[in-house]
Amino acid sequence: SHPESVIYDEENNVFYVSNIGENSEKDGFISRIGVEGEILEIKWITNLNDPKGLLLHNERLWVSDVTDLVVMDINTAEIIVRIPVEGAESLNDITIDEQGVIYISDLAKSSIFKRNETGKIVEWINSETLENPNGLLAVENDIFVAAWGDSKNGNLLRINKNTKEIEQITQSGLGNLDGIQRNEEGEFYVSDWDTGKIFRINKQGRTNVILTSE
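Residues numbered from 1 in each chain as written. Predicted model: local features only at pLDDT ≥ 70, side-chain atom pairs only at ≥ 80, totals over all residues. Heavy atoms only, no water.

A. Structural context of the packing of aromatic side chains. Counting across every chain of the model gives 5 aromatic pairs. The interplanar angle of 40 degrees and the centroid separation of 4.5 Å between the aromatic rings of Phe144 and Phe188 together place this pair among those described as tilted. Within this pair, whereas Phe144 is found in strand β14 (residues 142-147), its partner Phe188 is found in strand β18 (residues 188-192), the two being separated by 44 residues in sequence. The residue whose ring lies beneath Lys43 is Phe29, and the NZ or CZ to ring-centre distance is 5.2 Å. (Phe/Tyr/Trp six-rings, centres within 6.5 Å; stacked < 30°, edge-to-face > 60°. Helix = DSSP H or I, 4+ residues; strand = E, 2+ residues; numbered from the N terminus. Lys NZ or Arg CZ within 6 Å of the ring centre and 35° of its normal.)

Rendered as structure tokens:
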């Protein structure tokens, strides 16, 4: 029901999928999917609003849910805590760096929030230059952003965690960018929500379409 994000649990060999649901309050849910695509449990964790980005960390599943960060126990399939994010408007993707700091994009506000090791969540950066950030990926000292853009013109961006300097890796605007992952060669796979295209992008911004999903 309007699936948004997917994450692989290597230890349990299953995928978790966030489902936004329809238009009813609290109709969002998380599904468990087998590696061959079989639905193990369609409504594995329920009572969410519009769950989007997923993060698996320390046997906990973290999900952004509009203006809350929700933490769930993957062993009991129960919600542990809902953490309101002050100032958030529409939280989207989640990533974690090597120090255990969690970053959450806010597409509507063109912001990124940060949760440090103590659990405090603050607005880390707010800028139009972020182009309405959607997908996030922490790599060493950088946060890579798949930007939604304002008219199907979002780019792949890089943010230096220390200086907060924002660098535009692609230059022409690719679309309403959404998910982002990285391969072993250091290239990025980025999805375009509007066209269903999957781009492969290197660090110099060279871009190839490797798949179009309709």
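B. Examining the sheet that holds strand β4 (residues 39-48) more closely. Ordered by their spatial adjacency, 4 strands build an open sheet running β1-β2-β3-β4, and the pairing between neighbours is antiparallel. With partners counted over all chains shown, the strands left at the sheet margins are β1 (3-9) and β4, one partner each. Between one strand axis and the next, the sheet turns through 20 degrees on average, direction left out of account. Bridge count between β1 and strand β2 (residues 14-19): 6 bridges; the pairing is antiparallel. What sits directly across from Ile7, in β2, is Tyr16. (Pairing = 2+ DSSP bridges. Axes fitted to C-alpha atoms, helices over the stretch in contact; angles between N-to-C directions.)

C. Fine view of the sheet that holds β18. On the basis of which strands lie adjacent, the open sheet formed by 4 strands has the order β17-β18-β19-β20 and antiparallel pairing. Here the strands that pair on one side only, and so sit at the sheet edges, are β17 (177-182) and β20 (207-212). Looking at each pair of strands side by side, their axes are set apart by 25 degrees on average, direction ignored. Examined bridge by bridge, β18 and strand β19 (residues 197-201) share 4 bridges and lie antiparallel to one another. By the bridge assignment for β19, Phe188 is matched with Ile201.

D. Highlighting the pairing of β19. In textbook terms, the turn of a hairpin is the stretch between consecutive antiparallel strands, and for β18 and β19 this stretch comprises 4 residues, one of which, Gly196, has a positive phi near 80 degrees. The sheet contact formed by β19 and β20 spans 5 bridges and is antiparallel. Pairing of Arg200 across the sheet is with Asn208, part of β20.

E. Structural context of unusual backbone geometry. Positive phi values are uncommon outside glycine, yet Asn58 reaches one of about 55 degrees. When its relative accessible area of 60% is taken as the criterion, Asn58 is described as exposed. The backbone of Lys152 shows a phi angle near 60 degrees, a positive value even though the residue is not glycine. Within the element layout of this structure, Lys152 appears in the loop between β14 and β15 (156-160). Residue classification places Lys152 among the partly exposed positions, given a relative accessible area of 48%. (Buried < 20%, exposed > 50% of the residue type's maximum accessible area, 1.4 Å probe, protein only.)

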